[in-house]
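# A look at the structure
In case you want the letters, here they are:
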Amino acid sequence: MPEDNLPLPAERELGEPETVEKGVLETVLAPVKGFGLTFGQMFKKVNTEQYPEQKKVTAPRFHGRHVLNRHPDGLEKCVGCELCAWACPADAIYVEGGDNTESRRFSPGERYGETYQINYARCIFCGLCIEACPTRSLTMSNEFELASDSRQILIYTKEELMAPLLPGMEAPPHPMRLGDTDAYYTGSAS
Ligand code: SF4
Ligand code: SF4
């Protein structure tokens, strides 16, 4: 033992015999403990989703792909006001309004959305555009499978966004079948 009573380096590394035994035991049992954890997980409920074989069911108010809606007679609800485009924080919407005429009418208003595009390479699905739409033309669907490696495909046109014609609807252009303009926006015809 040196004069300063400190243990020799070899004694310091090995420590007391009991501590050494405990360390060896822990080292030997560590893999067993690990396998036990793995084994225990095998009997727990599996959370893996089998997508795309089993499509995920979304929440009722899910923010998915947009839809441009129609009135019951088939006329378009969009009046080409561009408020949705102005509300969009991602600059994802492009609208060009066109003038309706009595012989060529697409919406009950003075104007309609002649060109309408949503760029899904930019859209963040915040829903501010549907909040801004004064005619409830623009809503969001539950469709979320939009991924593509083509920027062109990710720009959805008016034709792609427009709701399909349901029974009793007539493809525009055509006259207002539901009466005057108020009938379209007071609830009875929407
Ligand atoms: S959901 Fe948001 S980001 Fe997407 S088009 Fe509408 S306002 Fe723009
Ligand atoms: S979708 Fe709505 S907010 Fe956008 S241009 Fe048409 S009417 Fe206006």
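Read on for a plain summary of the structure. Please read all numbers here as calculations on a predicted model, not as lab measurements.

Lining the immediate environment of ligand 1, one finds 13 residues, of which Cys 88, Cys 123, Cys 126, Gly 127 and Cys 129 sit closest. Residue composition of the shell around ligand 1, by class: eleven nonpolar, two polar and no charged.

The sheet built from three strands is open, its strands ordered S2-S3-S5 with antiparallel pairing. Strands with a single pairing partner mark the edges of an open sheet, and in this sheet they are strand S2 (93-99) and strand S5 (155-156). Of the pairings in the sheet, the one linking S2 to strand S3 (residues 111-119) comprises seven bridges and is antiparallel in character. Residue pairing in the sheet places Val 95 in a bridge with Tyr 116 of S3.

So, on to the site of ligand 2. Around ligand 2 there are 13 residues in total, and Cys 78, Cys 81, Glu 82, Cys 84 and Cys 133 lie nearest to it. Tallied by class, the residues present in the shell around ligand 2 amount to nine nonpolar, three polar and one charged.

Overall, the coordinates contain six aromatic pairs when judged by the stated rule. Here the aromatic rings of Phe 62 and Phe 144 are separated by 6.0 Å at their centres, their planes lie at 75 degrees, and the arrangement is edge-to-face. Taken together, the positions of Phe 62 in the loop between helix H2 (17-41) and strand S1 (66-68) and Phe 144 in the loop between strand S4 (138-140) and helix H5 (151-154) put the pair 82 residues apart, joining distant regions of the chain. The ring of Phe 144 has Lys 55 sitting right over it, with the charged end atom 5.8 Å from the ring centre.

Basis of the calculations
- Residues numbered from 1 in each chain as written.
- Chains lettered and ligands numbered in written order.
- Predicted model: local features only at pLDDT ≥ 70, side-chain atom pairs only at ≥ 80, totals over all residues.
- Heavy atoms only, no water.
- Near = heavy atom within 4 Å.
- Nonpolar A, V, L, I, M, F, W, Y, C, P; charged D, E, K, R; others polar.
- Pairing = 2+ DSSP bridges.
- Helix = DSSP H or I, 4+ residues; strand = E, 2+ residues; numbered from the N terminus.
- Phe/Tyr/Trp six-rings, centres within 6.5 Å; stacked < 30°, edge-to-face > 60°.
- Lys NZ or Arg CZ within 6 Å of the ring centre and 35° of its normal.

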